[in-house]
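# Report on the structure
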Amino acid sequence: QSFFKAHSNIIELKGLGDYFVNSQRIDELREVEKLSLEATSIPSIVAMFDVKNETSQTAWYSLGTTLIVTTLLGALSLLFSRDAYRIMIRPIEKMKKTVQQLSENPFLHLEKMKSRGASDDNETDMLEQ
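Presented here is an overview of the structure given in this document. Remember, predicted model here, so these are calculated numbers, not experimental data.

Rules used in this analysis
Residues numbered from 1 in each chain as written. Predicted model: local features only at pLDDT ≥ 70, side-chain atom pairs only at ≥ 80, totals over all residues. Heavy atoms only, no water. Salt bridge = Lys/Arg side-chain N within 4 Å of Asp/Glu carboxyl O. Helix = DSSP H or I, 4+ residues; strand = E, 2+ residues; numbered from the N terminus. Buried < 20%, exposed > 50% of the residue type's maximum accessible area, 1.4 Å probe, protein only. Pairing = 2+ DSSP bridges. Axes fitted to C-alpha atoms, helices over the stretch in contact; angles between N-to-C directions.

Within the structure shown, the criterion is met by six salt bridges. Measuring nitrogen to oxygen at the nearest pair gives 2.5 Å for the salt bridge that ties aspartate 50 to arginine 25. Taken as a pair, aspartate 50 in strand β4 (residues 46-50) and arginine 25 in helix α2 (residues 23-28) lie far apart in primary sequence, 25 residues in all. Classification of aspartate 50 as buried rests on a relative accessible area of 15%. A residue is classified by how much of its surface remains accessible, and arginine 25, at 21% relative accessible area, is partly exposed. Glutamate 33 serves as the salt-bridge partner of arginine 30, at 3.1 Å between the closest nitrogen and oxygen. With relative accessibility at 51%, the residue arginine 30 sits in the exposed group. Residue class for glutamate 33 comes out buried when judged on its relative accessible area of 7%. Here the salt bridges do not stand alone but share partners, grouping Arg82, Asp83 and Arg86 into one network.

Here's what the structure looks like:
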């Protein structure tokens, strides 16, 4: 009995005529909190251990991992959205604005460019200014 008091995680031990069982703790534990082992050489020797602490610790680690992954996914989606706006949407909006201004006054940009004395080498650069 002193051995079982020193090793509190043993809740059942059967084999070779000896039998120890702590039925109260067996009833309190869930199935995932019990670890049952059977000897391969002598199948009548069976031991059951309480792994409640390890199960609880694993659950906390899983929760922490989930929170970290969720935070990373949220942050990275915000960064992706910002980059997509800056690289793709903003230039399209700028082109739309330029086209609207040109539709209102087709010679507006030409007049600005000629007043600056710029060359007509690149029409796109001229329109974007």
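Ordered in space as β2-β1-β4-β3, the four strands form an open sheet in which the pairing is antiparallel. What marks the edges here is a single partner per strand, and that holds for β2 (18-21) and β3 (34-38). Recorded for the sheet is a direction-independent mean angle of 15° between the axes of neighbouring strands. The pairing of strand β1 (residues 10-15) with β4 spans four bridges and is antiparallel. By the bridge assignment, glutamate 12 is partnered in β4 with methionine 48.

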